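What follows is each chain in one-letter form.
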Amino acid sequence: MRLLKSQVLLRLFNSYLIDSPEPANISYLWNFGSLLGTCLIIQILTGSFLAMHYQPHVDFAFSSVEHIMRDVNAGYIIRYCHANVASFFFIFVYAHIGRGIYYGSYRSPRVLLWSIGVIILILMMAIAFLGYVLPYGQMSLWGATVITNLLSAIPVFGPDLVELIWGGFSVSNATLNRFFSLHFLLPFLLAALTIAHLIALHIHGSNNPNGVTSNTDRIAFHPYFMFKDLVTIFLFFLVLSILVFYYPNLLGHSDNYIPANPMQTPPSIVPEWYLLPYYAILRSIPNKLLGVLAMFGSLLILLILPLTDVSRIRGLTFRPAMKLFFWAFVVNFFILMWIGSQHPNTPYVEIGQIATAFYFAWFIIIVPVVGLIENTLMDIATESKELSQGYTFVGLFNNFKLAAVRLSFVGLMLNLVNSATTVVHLSDADLNQLLECLFNQLGSSRIITETMLKQFGLYTPSVIEYLMKLGYQIINM
Ligand code: HEM
């Protein structure tokens with residue numbers, strides 16, 4: 001045990017996977033991170049074995065994959081694992097992001113963690129797209145052609161850029177070779193970003209379903225979460241085995257079992273299921289350049305959530321109105337996924353356009369406006385206690401008047417400006433009470449973290465000086 005805490009590398013291992021204090025109340029929704037880590041490891045391992053037998057050449061790629069399936073020992077297991085874990089990777093990442101949105105995990109102090117996550121998501125999509133080209137079936141070739149051609153919409157140098165990426169005048173042997181090289185290389189960048197993600201997580205620790213600090217109720221990662229995570233990891237292995245051994249092509253497209261033929265376009269060109277929502281956003285805008293911008297924008301827009309979420313409450317556990325809009329967003333995401341799989345005809349185009357508009361409106365309009373209305377309702381509820389006076393007619397009338405003024409556009413804007421600019425000055429009595437609260441939490445410890453002070457709103461020069469005079473040590477961890 002002593003070695004675990006003194007040896008430099010073991011100490012790191014210990015602080016992440018053994019002694020790490022986790023909120024006692026996190027639910028199974030906090031298991032997706034470890035499932036994602038498991039997927040990453042499986043993909044790198046199975047991918048390395050596939051690369052030992054794969055030939056990145058237009059004449060041999062398709063047959064080399066068939067060779068893996070038929071001749072290589074357990075080759076079909078390795079290939080089907082790689083293909084199906086790619087799908088699970090996305091199921092888990094969407095659930096992981098959904099959990100983050102639901103519980104406000106993107107809010108301060110976890111903005112860096114969230115932003116690294118968004119970069120990871122974009123990189124995952126790029127890697128999955130590159131990998132899908134490698135078997136060089138019909139959908140590989142034509143998917144690659146459609147997606148690489150998108151860059152031609154960039155003004156001035158777009159067409160030249162596309163030829164640079166192709167290494168020729170169409171998707172060809174040079175393209176396949178470089179895609180293989182990148183598909184091999186980028187997962188290691190993904191692994192590095194995942195480590196950065198975990199380091200960022202480690203600074204403040206996990207959020208929890210209540211949305212308030214869990215510093216008073218934490219339990220060690222090992223054995224509690226070690227075994228809790230293993231429950232879902234084994235469940236994942238079970239479901240993965242059923243897919244790999246009984247329905248290995250359930251999530252794939254049959255056209256990719258036809259060798260790539262540059263002379264014949266398939267009846268419909270669709271990406272893998274997990275890219276369909278973004279494909280729908282791309283196609284719902286008639287202008288090519290704007291479509292490409294909207295597609296990338298639909299991923300990058302995740303980065304503005306910490307800014308547009310103005311609610312005073314973290315997470316949706318105690319926000320019934322926003323819960324409804326969260327589920328509307330989820331349903332809309334599935335609608336986009338369905339639209340992405342359809343031919344771009346009426347009424348699919350129109351439905352796609354409405355769903356795309358809702359997708360963007362959710363981040364830019366719905367999240368801030370609902371947050372603001374909820375904040376205002378909370379103000380009204382607390383102020384109107386005095387006004388309602390036992391629900392007399394006059395009291396109720398005053399409440400309605402107050403609500404109408406506060407909930408008008410001008411009222412909401414005033415509230416927004418107020419909450420952004422108001423500096424709260426505590427009375428001496430309130431400050432004493434807060435300090436007492438802090439000391440109760442500390443017990444006999446003489447060490448106070450900056451985070452803890454910030455949580456109590458006590459991170460001010462005068463409080464710090466006062467605490468240091470009392471012999472407390474203030475650390476940044
Ligand atoms: C390779 C992909 C990823 C891996 C391996 C990964 C891993 C993890 C792990 C192990 C955790 C802690 C356990 C948990 O809360 O589930 C975590 C937390 C978190 N991740 Fe990820 N993650 C990945 C992708 C993403 C993406 C794409 C996003 C967002 C766009 C994201 C955002 C977050 C946030 C906000 C937390 C903190 C959650 C909380 O404490 O409530 N992650 N991640």
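Only a predicted model underlies this, so the values are computations on that prediction, with no experimental measurement involved.

A. The overall build of the protein chain, seen in detail. Within the protein chain, the secondary structure is distributed over 20 helices and four strands. Summarising its shape, the C-alpha atoms of the protein chain cover approximately 80 × 65 × 45 Å along the three principal directions. Across the 477 residues of the protein chain, 25% fall into the buried class. Restricting the contact set of the protein chain to residue pairs at least 6 apart, pairs at least 24 apart contribute 74%.

B. Region of the structure containing the site of the ligand. By nearness alone, 27 residues border the ligand, and G33, S105, G117, S206 and N207 come closest of all. For the shell around the ligand, the secondary structure elements donating two or more residues are α3 (32-51), α5 (75-102), α6 (111-133) and α9 (173-204). The residue makeup of the shell around the ligand, split by class, is 15 nonpolar, eleven polar and one charged.

C. Representation of unusual backbone geometry. For the bond running from S108 to P109, omega is 10°, close enough to zero to count as cis. Of note, P109 is situated in the loop between α5 and α6. Backbone torsion omega between H222 and P223 reads 10°, so that peptide bond is classified as cis. Within the secondary structure, P223 sits in helix α10 (residues 221-246). Residues other than glycine seldom take positive phi values, yet Y136 does so here, at roughly 55°.

D. Representation of the domain arrangement of the protein chain. In terms of domains, the protein chain is made up of domain 1 (14-249), domain 2 (270-381) and domain 3 (383-475). Just the C-alpha atoms count here: the centres of domain 1 and domain 2 sit 23 Å apart. In this assembly, 25 residues from domain 1 lie in contact with 20 residues from domain 2. Looking at the side of domain 1 that touches domain 2, the elements with two or more residues in it are α5 and α6. Of the residues forming the side of domain 1 that touches domain 2, the biggest block, nine residues, is contributed by α6. Of the residues that constitute the side of domain 1 that touches domain 2, the class distribution is 16 nonpolar, eight polar and one charged.

E. Focus on the packing of α5 against α6. One way to put it is that α5 packs onto α6 with a least axis distance of 12 Å and a crossing angle of 160°. In terms of orientation, α5 and α6 fall into the roughly antiparallel class. Of the two elements, α5 crosses α6, and the hand of that crossing is left-handed. Together, A86, F89, V93 and G100 of α5 and W114, L121, M124, A128 and G131 of α6 make up the contact between the two elements.

F. Structural context of the nonpolar core. If you look at the biggest cluster of nonpolar residues, it comprises 41 residues, and the most contacted ones within it are L36, C39, V85, F89, F92, L134 and Y136. Mapped onto this core, the elements with two or more residues apiece are α3, α4 (61-70), α5, α6, α7 (138-149), α9 and α10. Not counting residues within four places of it along the chain, the set of residues in contact with V85 comprises C39, I42, Q43 and L240. In terms of nonpolar packing, the next biggest core, distinct from the first, is built from 17 residues, I281, M295, M322 and A355 among them.

G. Fine view of the environment of R110. One can find R110 in the loop between α5 and α6. Residue classification places R110 among the buried positions, given that 21 C-beta atoms sit within 10 Å. With 102 residues separating them in the primary sequence, R110 and V212 have C-alpha atoms 13 Å apart. If sequence neighbours within four positions are ignored, R110 has contacts with S105, H204 and N207.

H. Examining helix α20 (residues 461-469) more closely. Of all nine residues making up α20, only zero are buried, and the element is barely covered by its neighbours. Backbone geometry just after α20 places G471 at a positive phi near 95°.

I. Spatial organisation of α6. Taking 1.5 Å per residue, 23 residues should reach 33 Å; α6 reaches 34 Å between its end C-alpha atoms and fits that length. Within α6, burial applies to L113, W114, G117, I120, M124, I127, G131, Y132 and V133.

J. Molecular detail of the packing of α5 against α10. Between α5 and α10, whose axes approach to 10 Å, the crossing angle comes to 120°. Our classification of the angle between α5 and α10 gives oblique. For the element pair α5 and α10, the recorded crossing hand is right-handed. Contacts between α5 and α10 involve I77, Y80, C81, N84, V85 and F88 from the former and F236, L240, L243 and V244 from the latter. The class makeup of the residues in the contact of α5 with α10 is nine nonpolar, one polar and no charged.

Analysis parameters
Residues numbered from 1 in each chain as written. Predicted model: local features only at pLDDT ≥ 70, side-chain atom pairs only at ≥ 80, totals over all residues. Helix = DSSP H or I, 4+ residues; strand = E, 2+ residues; numbered from the N terminus. Buried ≥ 20, exposed ≤ 12 C-beta atoms within 10 Å, placed from the backbone. Contact = placed C-beta atoms within 7 Å. Near = placed C-beta within 6 Å. Nonpolar A, V, L, I, M, F, W, Y, C, P; charged D, E, K, R; others polar. Domains from an automatic or database assignment. Axes fitted to C-alpha atoms, helices over the stretch in contact; angles between N-to-C directions. Parallel < 35°, antiparallel > 145°, perpendicular 65-115°, else oblique. Left-handed = near helix turned anticlockwise from the far one by under 90°. Core = buried A, V, L, I, M, F, W, Y, C linked by C-beta atoms within 7 Å. Expected span 1.5 Å × (residues − 1).

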